[in-house]
Amino acid sequence: MSGSVGYPPQPNMPSARRVYSRTYRVWAHVLLWTPIALTVAGVVLGLGLFAAADADPTSSSSALGYLGLVVWGGLAVLSPVLLGSFIAGLVMLIRTRS
């Protein structure tokens, strides 16, 4: 015997769509675009410091090159955090659009 004897069949209704708040959507954009902006700013700043250190032949400009390396090292150290933030923001944004 079947288990649904005496019961009407289940209706084929789509599940209710979840509504996300405006704060959730704002945080999704913040988590998505902040790591992008920080990465672009760090790369541009590092390249600018390298160019400034290379353009000036005096010995006092070598500190700018080392500062550029520190900026890129900071990006390398922070890359897991930036990537995690980007992925979380992307997942949140996909949830709000589906």
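Residues numbered from 1 in each chain as written. Predicted model: local features only at pLDDT ≥ 70, side-chain atom pairs only at ≥ 80, totals over all residues. Heavy atoms only, no water.

Next up on the list: the overall build of the chain. Per the secondary structure count, the chain includes two helices and zero strands. Expected size for 98 residues packed as a compact globule is a radius of gyration near 13 Å; at 26 Å, the chain overshoots this value by more than 25%. Along the first, second and third principal axes, the C-alpha atoms of the chain reach 90 × 30 × 15 Å. Each of the 98 residues in the chain was classed as buried or not, and the buried ones make up 19%. Taking contacts inside the chain between residues at least 6 apart in sequence as the whole, the part at least 24 apart equals 72%. (Helix = DSSP H or I, 4+ residues; strand = E, 2+ residues; numbered from the N terminus. Rg over C-alpha atoms; globule rule 2.2 N^0.38 Å. Buried < 20%, exposed > 50% of the residue type's maximum accessible area, 1.4 Å probe, protein only. Contact = heavy atoms within 4.5 Å.)

Under the counting rule described, the total for this entry stands at two aromatic pairs. Pairing Tyr-20 with Tyr-24 gives two aromatic rings, centres 4.6 Å apart and planes at 20°, and the pair type is stacked. The class for Tyr-20 is buried, based on a relative accessible area of 17%. Ring geometry for Phe-50 against Trp-72: centres 5.1 Å apart, planes inclined by 80°, an arrangement best described as edge-to-face. Of this pair, Phe-50 sits in helix α1 (residues 22-55) while Trp-72 sits in helix α2 (residues 62-97), placing them 22 residues apart in sequence. We classify Phe-50 as partly exposed; its relative accessible area is 23%. Residue Trp-72 is classed as partly exposed on the basis of its relative accessible area of 35%. (Phe/Tyr/Trp six-rings, centres within 6.5 Å; stacked < 30°, edge-to-face > 60°.)

What follows concerns the environment of Arg-17. Mapped onto the elements of the fold, Arg-17 is located in the segment before α1. Among the residues examined, Arg-17 registers a relative accessible area of 62% and is labelled exposed. Between the C-alpha atom of Arg-17 and that of Met-92, which follows or precedes it by 75 residues, the distance is 15 Å.

A few words on α1. In this model α1 runs 48 Å from its N-terminal to its C-terminal C-alpha over 34 residues, within 8% of the 50 Å that 1.5 Å per residue would give. Where α1 is buried, its residues touch α2. (Expected span 1.5 Å × (residues − 1).)

Where α1 contacts α2, the axes come no closer than 8 Å and their chain directions differ by 160°. In terms of orientation, α1 lies roughly antiparallel with respect to α2. α1 and α2 meet at a crossing whose hand is left-handed. Here the residues of the contact of α1 with α2 sort into 27 nonpolar, nine polar and two charged. (Axes fitted to C-alpha atoms, helices over the stretch in contact; angles between N-to-C directions. Parallel < 35°, antiparallel > 145°, perpendicular 65-115°, else oblique. Left-handed = near helix turned anticlockwise from the far one by under 90°. Nonpolar A, V, L, I, M, F, W, Y, C, P; charged D, E, K, R; others polar.)

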